[in-house]
Amino acid sequence: MVNGKKILIVGLANKYSIAAAIAASLHEHGAIVGYSYQNERFEKFINEFSSNNGGGLTFKCDLSSDKEIKGLVNFFAEEWGEIDGIVHSVGFAPSDQIAGNIEDCITREGFAITHDISSYSFAGLIKEAVPFFSENASALTLTYVGSQEATPNYNVMGMAKASLEASVRYFSATLGSKGIRVNSISAGPIKTLAASGIKGFKSMLNKHGSETPLRRNITAKEVGDTATFLLSDMSSGITGQTIYVDGGYNIQAMKFD
Ligand SMILES: NC(=O)c1ccc[n+]([C@@H]2O[C@H](COP(=O)([O-])OP(=O)(O)OC[C@H]3O[C@@H](n4cnc5c(N)ncnc54)[C@H](O)[C@@H]3O)[C@@H](O)[C@H]2O)c1
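The numbers attached to residues start from 1 for each chain and follow its sequence in the written order. It should be noted that, the model being predicted, local features are given only for residues of pLDDT at least 70 and side-chain atom pairs only at 80 or more, the latter also being counted only at that level, while totals for whole chains, interfaces and linings use all residues. Side-chain numbers come from the whole structure's heavy atoms, not from hydrogens or water.

Draft legend 1. Examining the pairing of strand S6 (residues 181-187) more closely. Within S6, 7 of the 7 residues are buried, which leaves it mostly tucked inside the rest of the structure. Consider the strands pointing away from the viewer: the crossover is right-handed when the path from the first strand over the helix to the second runs clockwise. Numbering of helices and strands runs from the N terminus, with a helix taken as a DSSP run of H or I at least four residues long and a strand as a DSSP run of E at least two residues long. For the segment spanning strand S5 (residues 133-143), helix H6 (residues 155-175) and S6, crossover handedness is right-handed. For two strands to be treated as a pair, DSSP must find at least two bridges joining them. Where S6 and strand S7 (residues 242-245) come together, 4 bridges link them in parallel fashion. If you follow Ala187 over to S7, its bridge partner there is Val245. Here the term buried applies to any residue with accessible area under 20% of the maximum for its type, exposed to any over 50%, and partly exposed to those in between, with areas from a 1.4 Å probe on protein chains only.

The structure is reproduced here in structure tokens:
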């Protein structure tokens, strides 16, 4: 499906990261995977993970810096010649922004940081990568249904995800003529480092697991396999979409007994 495709994964922090499951699935299906990581704290893990999953290149990039985003894309473009796919699996909100009622915690600074890292960083990456994308390249980001539905404690992160999903539509509209596709996966809750920062995440996970049509939580592997499909030519007719991998949670207005 993705045999020989050169795919850059941005947002791998540890073995629980959704990016880890995406990387494992891509590797299993024959892709050449490269990784970027936020800072030195993650370096040892990334190098170990990479050597167990094809031994791809790794590069440090803090997405709050335009210079570092440019450096990342140029590094992989020089090493690979062209880029067949990018996975953006990144989100961040200061902890005080995702705890409590929005009117009690939202600040201008919290709003700016959350939108910068959780939404703009995708736009910044794609913008830099466009000249190096191969024909039929595919870009992917990760979102959550809190962009569409008010979700307790998710707050400004929901706004940033709505912006991210709009970004997917805008980039797909203009890059489609070059054969480049842009999509997002809206994943159900999965226990990761980023998710643990959301107040009440455990009860969200339990409720979601018991109330979705599938009556269970989804796994990171299910997200990884859907990502592989979206990065492959098997999904050549799909662009500008939010694909839900959430056990069907989003289609319910209420729970049916
Ligand atoms: N876990 C869930 O329940 C869930 C559900 C739906 C969507 N998502 C989304 O999936 C994506 C991945 O999150 P995850 O749950 O795997 O958690 P994670 O903590 O493993 O991944 C988040 C990543 O963002 C990176 N990051 C944060 N700030 C950065 C910066 N300034 N520069 C570079 N990298 C930065 C972190 O280093 C980390 O690798 C996020 O967009 C998240 O919102 C998660």
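Draft legend 2. Spotlight on the UniProt feature "active site" (unreviewed entry) in the protein. In the UniProt entry, the feature "active site" (unreviewed entry) is given for Tyr144 and Tyr154. Of the annotated set, the members that line the largest pocket are Tyr144 and Tyr154. Mapped onto the fold, Tyr144 is located in the loop between S5 and H6. Any two residues whose heavy atoms approach within 4.5 Å are treated as being in contact. With residues near it in sequence (within four places) discarded, Tyr144 still touches Thr151, Tyr154, Lys161, Glu165, Ser186, Ala187, Pro189 and Met204. Structurally, Tyr154 is set in the loop between S5 and H6. UniProt positions are given in the numbering used here, feature names are shortened, and annotations may be inferred rather than shown by experiment. The method works on a 1 Å grid over the protein atoms by themselves. A cavity is a set of points holding a 1.4 Å probe that cannot get out, a pocket is an open set with protein on both sides within 12 Å along at least five of seven lines, and residues with an atom within 4 Å of a point line them.

Draft legend 3. Up close: the nonpolar core. Definition of nonpolar core: a set of buried residues of the types Ala, Val, Leu, Ile, Met, Phe, Trp, Tyr and Cys, connected through side-chain atoms within 4.5 Å. The biggest cluster of nonpolar side chains holds 32 residues, and the ones touching the most others in it are Ile9, Ile22, Leu26, Tyr35, Ile185 and Val223. When residues of this core are traced back to their parent elements, those giving at least two are strand S1 (6-10), helix H1 (18-28), strand S2 (32-37), helix H2 (43-52), S5, S6 and helix H9 (220-231). Among residues more than four places away in sequence, those in contact with Ile185 are Leu140, Thr141, Leu142, Thr143, Val223, Thr226, Ala227, Leu230, Ile243 and Val245. In terms of nonpolar packing, the next biggest core, distinct from the first, is built from 27 residues, Cys61, Leu72, Ile117 and Leu125 among them.

Draft legend 4. Fine view of the packing of helix H3 (residues 66-80) against helix H5 (residues 108-129). Axis definition: a line fit to C-alpha positions, over the contact stretch in the case of helices; interaxial angles, taken between N-to-C directions, run 0 to 180 degrees. Packing of H3 against H5 leaves a shortest axis separation of 9 Å and a crossing angle of 45°. Viewed along their axes, H3 and H5 adopt a mutual orientation that is oblique. In the packing of H3 onto H5, the handedness of the crossing is right-handed. Listed contacts from H5 to Asp66, Ile69, Lys70, Leu72 and Val73 of H3 are Tyr120, Ser121, Gly124, Leu125, Glu128 and Ala129. Residue polarity follows a fixed list, in which Ala, Val, Leu, Ile, Met, Phe, Trp, Tyr, Cys and Pro are nonpolar, Asp, Glu, Lys and Arg are charged, and the others, Gly among them, are polar. Broken down by class, the residue content of the contact of H3 with H5 amounts to 6 nonpolar, 2 polar and 3 charged. Comment on the angle field: the value is read as roughly parallel under 35 degrees, roughly antiparallel over 145, roughly perpendicular from 65 to 115, and oblique elsewhere. By convention, the crossing between two helices is left-handed when the near helix turns anticlockwise from the far helix through less than a right angle, and right-handed when the turn is clockwise.

Draft legend 5. Summary view of the pattern of salt bridges. Definition used for salt bridges: Asp or Glu carboxyl oxygen within 4 Å of a side-chain nitrogen of Lys or Arg. One pass over the structure, following the stated rule, counts 7 salt bridges. Close ionic contact of Lys5 with Asp233 constitutes a salt bridge, the shortest N to O distance being 3.1 Å. Here Lys5 is found in the segment before S1, whereas its partner Asp233 is found in the loop between H9 and S7, with 228 residues between them in sequence. Judged by relative accessible area, Asp233 falls into the partly exposed class, the value being 41%. With its nearest N and O atoms 3.3 Å apart, the salt bridge here joins Lys70 to Glu128. Residue Lys70 is located in helix H3, and its partner Glu128 is located in helix H5; the two are separated by 58 residues in the primary sequence. Given the relative accessible area of 42%, Lys70 is considered partly exposed. Residue Glu128 is classed as buried on the basis of its relative accessible area of 19%.

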